Amino acid sequence: MTVSSPAKINLFLAVTGRRADGFHDLVSLVAPVAFGDELEVAVEPGGGDIVLTCDDERVPCGAQNLAVRAAEEFRMAAEVEVGVRIRMNKRIPMGAGLGGASSNAAAVLRALNTLLGSPLAEGDLRLLAASLGSDCPLFLFGEPCVMRGRGERLERLPEAVAARLAGRRLLLYKPDFSISTPWAYGALAAMAPSGYIESRLAEAMLSRWLSSSDGPETLLFNSFAAVADRKFMALPVLAERLRGMPGVQGVLMTGSGSASFALLDEEADAQSLEAEI
């Protein structure tokens with residue numbers, strides 16, 4: 001079967017502190033976007049290898065790829081003996097903060113569960129996704145949600161709030177460099193406690209927006225922007241230029257970067273924005 005594997009953006013991302021297990025706690029409003037990769041997944045009864053091919057030669061296709069790991073973990077959890085073939089049409093850039101690898105893994109889990117007659121219940125599928133990576137469970141939701149903990153605790157948005165996000169026009173852009181997620185978390189930790197947002201404050205900021213009728217442009221916040229902007233000075237310079245252009249309602253880096261997005265109204269001229277970038 002062929003499945004879509006969407007990118008995501010963080011409209012709000014507050015890192016609230018480091019946990020005893022080494023992970024970080026966060027509060028984030030995350031939304032999938034109508035842009036992403038496409039995966040073709042096939043199973044071969046009787047066992048066999050897991051083989052991944054990709055149209056982008058820069059993508060590692062061995063055991064280190066999260067989609068391959070997802071297939072292996074699924075076979076063990078579901079206790080099935082099948083070979084798996086995955087063909088990936090890659091559009092989401094790597095090292096961008098758009099969740100490409102996590103989305104790919106979730107898409108593989110969902111496809112395998114469907115192809116094999118749903119041997120895993122929805123709850124088991126989410127637990128398996130959480131074991132693969134902090135962002136993986138949100139891609140099983142397939143809709144905007146609030147993410148807490150290290151990413152494993154998800155809460156659906158009220159229907160009226162989700163409607164304020166649906167169909168919003170945006171421009172995604174990424175510079176030629178990537179930002180390492182471990183580096184970004186390490187840089188925040190080095191600034192502790194000032195690099196973190198107090199959990200009570202983060203929840204208050206989010207709650208205030210959820211109870212309003214505002215669009216997402218009034219919520220935009222990302223803890224990682226502080227460390228990314230200091231090291232990669234082109235990012236804040238460009239963001240400020242874009243904010244001053246007609247039709248741009250807000251600009252924010254997503255995840256730990258380096259990709260950002262600009263929220264646009266229907267009158268914004270995307271070509272002018274691309275030229276500025």
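Residues numbered from 1 in each chain as written. Predicted model: local features only at pLDDT ≥ 70, side-chain atom pairs only at ≥ 80, totals over all residues. Heavy atoms only, no water.

## Quick look at the overall build of the protein chain
Counting its regular elements, the protein chain contains 10 helices and 10 strands. Whereas a compact globule of 277 residues would reach a radius of gyration of roughly 19 Å, the protein chain reaches 19 Å, a difference of no more than 12%. Along the first, second and third principal axes, the C-alpha set of the protein chain runs to 60 × 45 × 40 Å. When each of the 277 residues of the protein chain is scored for burial, the buried share is 49%. (Helix = DSSP H or I, 4+ residues; strand = E, 2+ residues; numbered from the N terminus. Rg over C-alpha atoms; globule rule 2.2 N^0.38 Å. Buried < 20%, exposed > 50% of the residue type's maximum accessible area, 1.4 Å probe, protein only.)

## Focus on helix 6 (residues 181-190)
Taken as a whole, helix 6 has its buried residues at Ala184, Ala187 and Leu188. Axial view of helix 6: buried residues confined to an arc of 100°, hence all on one face. Every exposed residue of helix 6 that faces more than 90 degrees away from the buried side is listed here: Pro182 and Ala190. Among the structural elements, strand 1 (2-18) and helix 8 (225-231) are those in contact with the buried residues of helix 6. (Arc of directions from axis to C-beta. Contact = heavy atoms within 4.5 Å.)

## Thoughts on the packing of helix 1 (residues 66-78) against helix 2 (residues 100-115)
Their axes nearest at 8 Å, the elements helix 1 and helix 2 cross at an angle of 35°. At the point where helix 1 passes helix 2, the crossing takes the right-handed sense. Here Leu66, Ala67, Ala70, Ala71 and Phe74 of helix 1 lie close against helix 2, whose contacting residues are Ala101, Ser102, Asn104, Ala105, Val108, Leu109, Leu112 and Asn113. Grouping the amino acids of the contact of helix 1 with helix 2 by side-chain chemistry returns 10 nonpolar, three polar and no charged. (Axes fitted to C-alpha atoms, helices over the stretch in contact; angles between N-to-C directions. Left-handed = near helix turned anticlockwise from the far one by under 90°. Nonpolar A, V, L, I, M, F, W, Y, C, P; charged D, E, K, R; others polar.)

## Overview of the pattern of salt bridges
One pass over the full model with this rule turns up 16 salt bridges. Notably, a salt bridge pairs Glu155 with Arg148, separated by 2.7 Å at the nearest N-O pair. Take Glu155: its relative accessible area is 39%, and that puts it in the partly exposed class. Of the residues examined, Arg148 reaches a relative accessible area of 16% and is grouped as buried. With its nearest N and O atoms 3.6 Å apart, the salt bridge here joins Arg241 to Glu276. Taken together, the residues span a long stretch of sequence, with Arg241 in helix 9 (residues 234-243) and Glu276 in helix 10 (residues 270-276) at a distance of 35 residues. For Glu276, a relative accessible area of 32% translates into the label partly exposed. When salt bridges with common partners are traced through the structure, they connect Arg19, Asp21 and Asp25 into a single cluster. (Salt bridge = Lys/Arg side-chain N within 4 Å of Asp/Glu carboxyl O.)

## Remarks on the layout of surface pockets
Looking at the largest pocket, its volume works out to about 1100 Å³. Lining the largest pocket are 43 residues, and of these Gly99, Ala101, Ser102, Asp135 and Thr181 lie nearest its centre. For the lining of the largest pocket, the elements supplying multiple residues, two or more each, are strand 1, strand 2 (24-45), helix 1, helix 2 and helix 6. The element best represented in the lining of the largest pocket is helix 2, accounting for four residues. Of the residues contributing to the lining of the largest pocket, the split by class is 19 nonpolar, 19 polar and five charged. If you add up the space inside the second largest pocket, you get close to 310 Å³. (1 Å grid on protein atoms, 1.4 Å probe; cavity = no way out; pocket = protein on both sides within 12 Å on 5 of 7 lines; lining within 4 Å. Points joined across faces, edges and corners; volume = space filled by probe spheres on them.)

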